[in-house]
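So you can see what is in the structure, the chains are spelled out below.
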Amino acid sequence: NYCRNPDQDERSWCYTKNGDREYCNVPTCRRPTPWCTKPNNEECGCEVLKQSDYRGNLSVTKGNGTCVSWYAGLVEDYPDAGLAEFDSSG
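Since the structure is predicted, the reported quantities are computational estimates derived from the model, not experimental observations.

(A) Examining the pattern of salt bridges more closely. Under the defined criterion, the tally for this structure stands at 2 salt bridges. One salt bridge connects Arg21 with Asp7, and the closest N-O pair in it is separated by 2.7 Å. Remark: Asp7 occurs in the segment before strand E1 (13-15) and Arg21 occurs in strand E2 (residues 21-23); sequence separation between them is 14 residues. Overall, Arg21 belongs to the partly exposed group, its relative accessible area being 36%. Asp7 sits in the partly exposed class, given a relative accessible area of 27%. Of the charged contacts in the structure, one is a salt bridge between Arg21 and Asp9, with a shortest N-O distance of 2.7 Å.

Reading the values: rules and limits
- Residues numbered from 1 in each chain as written.
- Predicted model: local features only at pLDDT ≥ 70, side-chain atom pairs only at ≥ 80, totals over all residues.
- Heavy atoms only, no water.
- Salt bridge = Lys/Arg side-chain N within 4 Å of Asp/Glu carboxyl O.
- Helix = DSSP H or I, 4+ residues; strand = E, 2+ residues; numbered from the N terminus.
- Buried < 20%, exposed > 50% of the residue type's maximum accessible area, 1.4 Å probe, protein only.

What follows is the structure, given as structure tokens:
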């Protein structure tokens, strides 16, 4: 599983093996345009989008927690958030 921000929280996050929700150290893209036009979303997440566009492979949180698979309910609630390929429901 990878760090994502499906719910427009303040930044990218994931659930860890101990069941906690933790923020990740996803680099923030800083672009000259206010909407962060065509960033490299595999390397960074747009600041104005709260990193909700991030699609990289970072899977460790700020506290060194390992991200676990997104659960099916969250995948269904946020279909455009890049979670489906990491759904643990099979």
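From this point, the narrative continues.
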